[in-house]
Amino acid sequence: MNITAIAPKPPETPVIAASAGPLALYRAMLRIRLIEEEIANRYSAQEMRCPVHLSIGQEATAVGACAALRTDDQIVSSHRSHGTYLAKGGDLNAMMAEIYGRETGCCGGRGGSMHLFDDRVGVLASVPIVGSFIALGTGAALSFRHANQDRVCIVFLGDGAIEEGIFHESANFAALKKLPVIFFIENNGYSCYTNLEDRQPVRPLADVARAHGMPSVQIDGNDVMAVYAATSPAVARARAGLGPTLIVADTYRWREHCGPNYDNDIGYRTPQEFESWRARCPVETMGANLMAQGTLTKTAQAELATEIGAEIDAAFQFAIGSAFPDPATARDHVYA
Amino acid sequence: MHEPRLITAGEAIREATDLAMAADPSVVLMGEGVADPKAIFGTTANLSQKYGPQRVIELPLSENGFTGIAIGAAMNGLRPIIVHQRVEFCLLAMEQLVNNAAKIHYVSNGAHRAPIVVRLIVGRGWGQGPAHSQSLEALFAHIPGLKVVMPSSAADAKGMLLASIQDDSPVIFIEHRWVHYVKGHVPPGMQTVPLDGPHRLREGDAVTVVSNSYLTLETIRAAEELAKEGIAADHFDLRVIRPLNVAPIVESVRRTGRLVTVDTGFMTYGIGAEIVSRVMEQCCMQMRASPRRLGLPEYPTPSSRSLAAAYYPRSPDIAAAIAEVAGAPAARIASLRSTLSADRESVPLDIPHHSFQGPF
Ligand SMILES: Cc1ncc(C[n+]2csc(CCOP(=O)(O)OP(=O)(O)O)c2C)c(N)n1
Ligand SMILES: [Mg+2]
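What you see is a predicted model, and the numbers here were worked out from it, not measured in a lab. (Residues numbered from 1 in each chain as written. Chains lettered and ligands numbered in written order. Predicted model: local features only at pLDDT ≥ 70, side-chain atom pairs only at ≥ 80, totals over all residues. Heavy atoms only, no water.)

1. Overview of the side chain of Arg86(B)
All names here are of chain B. Here Arg86 is to be found in the loop between β4 (79–84) and α4 (87–90). For the buried residue Arg86, which engages in no salt bridge, the nearest side chain bearing the opposite charge is Glu88, 5.3 Å off. Reaching out from Arg86, the side chain makes a polar contact with the backbone oxygen of His132 at a distance of 3.1 Å. (Helix = DSSP H or I, 4+ residues; strand = E, 2+ residues; numbered from the N terminus. Buried < 20%, exposed > 50% of the residue type's maximum accessible area, 1.4 Å probe, protein only. Lys, Arg positive; Asp, Glu negative; His and termini not counted. Salt bridge = Lys/Arg side-chain N within 4 Å of Asp/Glu carboxyl O. Polar contact = N/O pair within 3.5 Å; in protein donor to acceptor, adjacent residues only side chain to side chain.)

The following block contains the structure:
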């Protein structure tokens, strides 16, 4: 089969117009924040009946990295995929409907929050088995090479996922074949309730790349401009056929591993640690910087929030107003 | 002497682990989350404080690697208990389980042993969907050299886990998440329950019914209602999927001439398929009706509650199937179904029903 024939028609504009400047990045982060906060607010109504892994606090990684991509580039991610899905331009209505288990969801209700995809904009898949998707993203890069396209795939993985053998197997293969893939680690310091020090020896995470003969960079994952600045050359390098890059972006998950609440009281991390990261909120920091530069005003900020709020309300209404999938369709698509 | 206490299967599992660790310093507990505050749904609570990091080993996300590490350690005398929060995470470790754990004793002509226990938890409900709620026991049960145990009561959860830890062969110990909530009378102390096969829960002469794990609870409910209708099920909780002791089931079918299997996994090449064929091999001529299997339909678990509603066999379906095999008239089957449905549907279908929480 001709691979180009099944690839979605790529619009030539980037998803978040990084060219539109830092304000666009700020807006994209604020939007993800407000969407996930609304999910958290409404979760107790028990109408979103699937597990949710919120990325509140980690918005800068998704937004800064996706801003370096074109719409026809792809991403893959894990269980914590709302932020990356939205940053790549994934359809908000389809995401909310999926979380609500409705037929208008991106998976028609079959996947729930952990299985988001949007082929129109290059969200290839999110897969909630840790590490599983790393090979899928590497395979996507192989298909780009095969079809002689200059597309790139970013694999978003957690600090936990690099412990899986599949990371090293994929990294080795990608480096060997100089595939156009970027391994982007959203290092939030935890796998569920176990911190990095209890799972890996003390060494810079970015050093792992040396074992696989690929360049790497460690960055402040709460600084969206730093994320964008680090991802852009990695994307250019991949596009030019020079092979993969490992990016380690340090960040922090604010809420519990799975669910809408805070869990700083259960004993695996301290409220002080949480507060120190909250003080470095990616969205607020960027907002403050833009105001200091005169790019953003209080009024403009309020207008943004109102405009995004209206979009969010509409998306929840869309989801709640959509029908549940017809049980008679449950057997569809077992075979292609 | 202490009286048996009423505790949940989840608590019973914790108690068994604690007792085994206290009794035998070679028992170690390993897994992602065994030492974290959630402690595998509470089933490993406080054990890391009590036994320390040398024996309660929090693991990186490296399932195949750490399973092999456990097997290697077991070959040198340790008795590792590995825990996975979901069956699916253990799929990454199939290579070690199938190639090493299952064969090391055989290949070494009996010289080596791999006495590991692998605790797997089957998720269900709350839209967990295709990758967090699979019942894949048949995959493990296909492999000679592995034992596969699925308790459905608190007493068996404790006693069979103790027996699994003491067993010199690798045991895959599969816990349905909804079984964790079941309460029952559990004897204190190191009382093992042998891994010797099915346990008869109800005696009857109308239909032989073999269920496993959580579906045993749904079947208990179905059998109660059937008994009121005068249909007496001879109900077995299978408990040990491999090695399969089919003798009591065959003995029962020789009397009833009728067989229904109810299992938590897919039907094709599944546990019911195996039981039916064994029974037919031995007493085909005594059958008075075609055997019947219940299990999961031929598609992955969907997340949305509207799709998942029809996915799992429930007490009304089980009762109807048993009544059909017993030859009950359609009107009685319909009334059984509606009685049980009314009861079952009083709570959302994606959370466990209170009537399944015991004591049993
Ligand atoms: C193979 C596998 N093992 C274990 C799990 C359970 N699990 C889900 S998320 C998670 C933590 C992953 O940590 P990380 O990769 O750092 O991502 P984060 O949750 O921090 O975003 C674990 C252990 C899983 N889903 N898949
Ligand atoms: Mg992490």
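2. What to know about the sheet that holds β4(B)
Strand pairs in the sheet, formed through backbone hydrogen bonds, run parallel or antiparallel to each other. All names here are of chain B. The seven strands lie next to each other as β3-β2-β4-β5-β7-β6-β12, forming an open sheet whose pairing is mixed. Looking along the sheet, the strands with just one partner apiece sit at the ends: β3 (56–58) and β12 (240–242). Strand-to-strand twist of the sheet, defined as the mean angle between neighbouring strand axes without regard to direction, takes the value 20°. Here three bridges tie strand β2 (residues 27–31) to β3, and the two strands are oriented parallel to one another. Bridging across to β3, Met30 finds its partner in Ile57. Seen against the sheet, helix α3 (residues 63–75) touches β2 and β4 and runs at an angle of roughly 165° to β4. This element, helix α8 (residues 154–166), spans β2, β4, β5 (117–122), β6 (147–149), β7 (171–176) and β12 of the sheet and lies at about 160° to β7. (Pairing = 2+ DSSP bridges. Axes fitted to C-alpha atoms, helices over the stretch in contact; angles between N-to-C directions. Contact = heavy atoms within 4.5 Å.)

3. Section: the pattern of salt bridges
Following the criterion strictly, the structure yields 39 salt bridges over all chains and no others. Where Glu59(A) meets Arg33(A), a salt bridge forms, and the shortest distance between an N and an O atom there is 2.6 Å. You can see Glu59(A) sitting in helix α3 (residues 59–66) and its partner Arg33(A) sitting in helix α2 (residues 22–42), a full 26 residues away along the chain. Notably, a salt bridge pairs Arg14(B) with Asp18(B), separated by 3.4 Å at the nearest N-O pair. Linking Arg14(B) with Asp18(B), this pair stays in helix α1 (residues 9–23), spanning four residues, or about one helical turn. What emerges from the salt-bridge pattern is a single network uniting Arg221(B), Glu224(B), Glu225(B), Lys228(B) and Asp343(B).

4. Description of the site of ligand 1
Taken together, 20 residues lie around ligand 1, and His79(A), Arg80(A), Gly160(A), Asn188(A) and Glu63(B) are the ones closest in. In this structure, a nitrogen atom belonging to ligand 1 sits 2.9 Å away from a main-chain N or O atom of Pro128(A). Taking Glu63(B), its side chain carries an N or O atom lying 2.7 Å from a nitrogen atom of ligand 1. Starting from 580 Å² of accessible surface for ligand 1 in isolation, the protein chains cover 94%. Looking at the shell around ligand 1 residue by residue, the classes come out as nine nonpolar, six polar and five charged. (Near = heavy atom within 4 Å. Areas by Shrake-Rupley, 256 points an atom, 1.4 Å probe, with all protein chains shown as cover. Nonpolar A, V, L, I, M, F, W, Y, C, P; charged D, E, K, R; others polar.)

5. Regarding the coordination of the magnesium ion (ligand 2)
All names here are of chain A. Bound to the magnesium ion (ligand 2) are the protein donor atoms Asp159 (OD), Asn188 (OD1) and Tyr190 (O), situated 2.1 Å from the metal. Between consecutive donor residues of the magnesium ion (ligand 2), the sequence gaps follow D-x28-N-x1-Y. Here Tyr190 lies in strand β5 (residues 190–191) and Asp159 lies in the loop between β3 (153–158) and α7 (165–177), a separation of 31 residues in the sequence. Its relative accessible area of 8% is what places Tyr190 among the buried residues. (Donors = N, O, S within 2.8 Å, 3.2 Å for Na, K, Ca; no water.)

6. Observations concerning the side chain of Ser322(A)
All names here are of chain A. Position of Ser322 among the secondary structure elements: in the segment after α12 (298–321). Classification of Ser322 by relative accessible area gives buried; the value is 11%. If near-sequence neighbours (up to four positions away) are discounted, Ser322 is found in contact with Arg102 and Thr104.

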